[in-house]
Amino acid sequence: MAGGVTGGGSATWSDRFEQGLHPAIERFNASIGFDITLLQEDLDGSIAHARMLAECGVILEEEANQLVGGLEQVRQEAASGLFQPGLADEDVHFAVERRLIALLGPVGKKLHTGRSRNDQVGTDLRLWLRRRLDELEQHLLGFQRALLDQANLHSNTLIPGYTHLQRAQPLCLAHHLLAYVEMVERDRQRMADLRKRLNLSPLGAAALAGTPVPIDRRSTASALGFDGIYANSLDAVSDRDFTVEFSAAASLVMVHLSRLAEEVIFWASEECGFVRLTDRCATGSSLMPQKKNPDVPELVRGKCGRVFGHLQGLLTMIKGLPLAYNKDFQEDKEALFDVVATTSQCLEAMTILLQEGLSFRSERLEAAVAADYSNATDVADYLVAKQVPFREAYQLVGAVVKHCLQEGVLLRELTLECWQQFHPAIEADLFEALTPRNVVAARTSEGGTGFDRVNEQLAIWNQRFGLSDQHG
């Protein structure tokens, strides 16, 4: 966005240059094709700068009014499609300035007093990302709400719990879904935290060293809604930490989306069959008419690579740059724009998937948790309650499972006599303790999957979202 050169016939550069850029280099150098995205922020920053110049007596009040009027006209022209800068404009900043000069004449040339494109683009990019963070917060809240709505529907539904993708222990399905609600809450906290560091104004740092023009940096910062200003002009124009920090936070959002996506894909498989996909969020095969494909979660899982790649690209771009501004910074925008767009689209798609795209098969889930050995730990817990040391109980239950596998039966299908051959402390009440619903209900430790604990958590989250008691 800054530091480049163009032809001597251009109004962009000083008379130091005698020849124009090679056409291919002009195309290579230009960023107008993508940084036009920052137009609204560039106009906002320029309006604040013009008003500040008048407040400080650098330009006349009337001139500031003319500049503001011209900038608002550019905004209107952009909205109606009349403002369409081309390659010769190089970037959004020069495109606006040239149009302003065309509208106002010599007054338009005063706008750039006391600033550089270096601090200007830094300001624009922060304003743009700040707005996107506000929008992303709404996407995250919507996704959280969709998860919570499903959890409220399934506070009494069971689902197999896994470790190492092997059946481990039965869970309350609402407990499983609330785990993702917690993940998203951390995502929201990270976004809010980085917003604090993002919300400082670099405007007035100029190219790298500040300016002798008597400006008021805090005035423009306040007008643009920043919390303060960068204390060091070099840092102000060269800081792109916020692009990396945002991309890292967005990468974690995508990780969480992808983990849920992977589970939905697994749940929807014929081998598992825990959910049905609706026609609203699935497609078919061009060859196999019986198939219904989980396109949404597959795409979300795949798009993680884009966001992760941009994070790595931004880190690589910044790592070797000397202070202060370098043209390398032109590469931050397309990456940042795509991270925002991809993360927002994936959040929206997964929210719709939860709302309209799947339904849990409660009967299938109930049957699944009754047809495995995931209640083995509860036999050990039962024996511990009978004063059997845990490690002894653990080994004993391992032997019982081995016996069941050899006989082709489940734990609940063993007779009491058979159980008592393994340990005389076992009584008939074991069979009640081994039912999946009682296994889940028994997990009453704080943060556990027991129904009472889950209902407590549902009540807390429903209160946060202003919902009445939804679960049952």
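Values in this document were obtained by computation on a predicted structure and should not be read as measured data.

Draft legend 1. Structural detail: the overall build of the chain. Counting its regular elements, the chain contains 19 helices and six strands. For 472 residues, the compact-globule estimate of 2.2 N^0.38 gives 23 Å, and the chain exceeds it by more than 25% at 31 Å. Viewed in the frame of its principal axes, the chain has a C-alpha envelope of about 100 × 50 × 45 Å. Evaluated residue by residue, the chain yields a buried proportion of 49% over its 472 residues. Taking contacts inside the chain between residues at least 6 apart in sequence as the whole, the part at least 24 apart equals 75%. Counting every atom, the chain has about 22300 Å² of accessible surface; 52% of that belongs to carbon and sulfur.

Draft legend 2. Geometry of the side chain of Gln-144. Along the chain, Gln-144 falls in helix 6 (residues 117-153). When residues no more than four places from it in sequence are discounted, the contact partners of Gln-144 are Val-181, Val-184, Glu-185, Arg-188, Trp-461 and Phe-465.

Draft legend 3. Expanded view of the packing of aromatic side chains. One pass over the structure, following the stated rule, counts five aromatic pairs. With a centroid separation of 5.6 Å and an interplanar angle of 80°, the aromatic rings of Tyr-162 and Phe-266 are classed as edge-to-face. With Tyr-162 in strand 1 (residues 158-163) and Phe-266 in helix 10 (residues 241-268), this pair connects stretches of sequence that are 104 residues apart. Measuring from centroid to centroid gives 6.2 Å for Phe-390 and Tyr-394, while their planes differ by 35°, and the two rings are tilted. With Phe-390 and Tyr-394 both in helix 15 (residues 390-407) and four residues apart, this pair spans about one turn of that helix. Residue class for Tyr-394 comes out partly exposed when judged on its relative accessible area of 46%. The positively charged end of Arg-240 is found above the aromatic ring belonging to Phe-329, 4.5 Å away from the centroid.

Draft legend 4. Main features of the confidence of the model for the chain. The share of residues in the chain with pLDDT of 70 or more is 94%, and the mean pLDDT across the chain is 93. Segment residues 1-11 is flagged for pLDDT under 50; beyond a separation of four residues in sequence, or across chains, it makes 38 contacts in the model.

Draft legend 5. Representation of the environment of Tyr-162 in the model. Of the residues examined, Tyr-162 reaches a relative accessible area of 26% and is grouped as partly exposed. Put simply, Tyr-162 and Ser-374 are 212 residues apart on the chain and 9.2 Å apart in space, counted from C-alpha to C-alpha. Those residues in contact with Tyr-162 that lie beyond four places of it in its chain are Arg-167, Ala-168, Phe-266 and Phe-274. Here the side chain of Tyr-162 touches Arg-167 through a polar contact of 3.1 Å, side chain to side chain.

Draft legend 6. Broad picture of the nonpolar core. Counting 67 residues, the largest nonpolar core has Leu-129, Phe-143, Leu-147, Met-191, Phe-246, Leu-257 and Met-350 as its most contacted members. In contact with Met-191, not counting residues within four places along its chain, are Leu-133, Leu-136, Leu-140, Phe-246, Ala-249, Ala-250 and Val-253. Formed by 21 residues, the second largest nonpolar core is a distinct cluster that contains Ile-47, Ala-50, Ala-64 and Val-107.

Draft legend 7. Up close: the state of the cysteines. Applying the stated rule across the entire model yields zero disulfides. Here Cys-346 stays free of any disulfide, with the sulfur of Cys-304 as its closest cysteine sulfur at 7.0 Å. Between Cys-418, a cysteine without a disulfide, and Cys-404, which holds the nearest cysteine sulfur, the sulfur-to-sulfur distance is 7.1 Å.

Rules used in this analysis
Residues numbered from 1 in each chain as written. Predicted model: local features only at pLDDT ≥ 70, side-chain atom pairs only at ≥ 80, totals over all residues. Heavy atoms only, no water. Helix = DSSP H or I, 4+ residues; strand = E, 2+ residues; numbered from the N terminus. Rg over C-alpha atoms; globule rule 2.2 N^0.38 Å. Buried < 20%, exposed > 50% of the residue type's maximum accessible area, 1.4 Å probe, protein only. Contact = heavy atoms within 4.5 Å. Areas by Shrake-Rupley, 256 points an atom, 1.4 Å probe, with all protein chains shown as cover. Phe/Tyr/Trp six-rings, centres within 6.5 Å; stacked < 30°, edge-to-face > 60°. Lys NZ or Arg CZ within 6 Å of the ring centre and 35° of its normal. pLDDT = per-residue confidence, 0-100. Polar contact = N/O pair within 3.5 Å; in protein donor to acceptor, adjacent residues only side chain to side chain. Core = buried A, V, L, I, M, F, W, Y, C linked by side-chain atoms within 4.5 Å. Disulfide = S-S within 2.5 Å.

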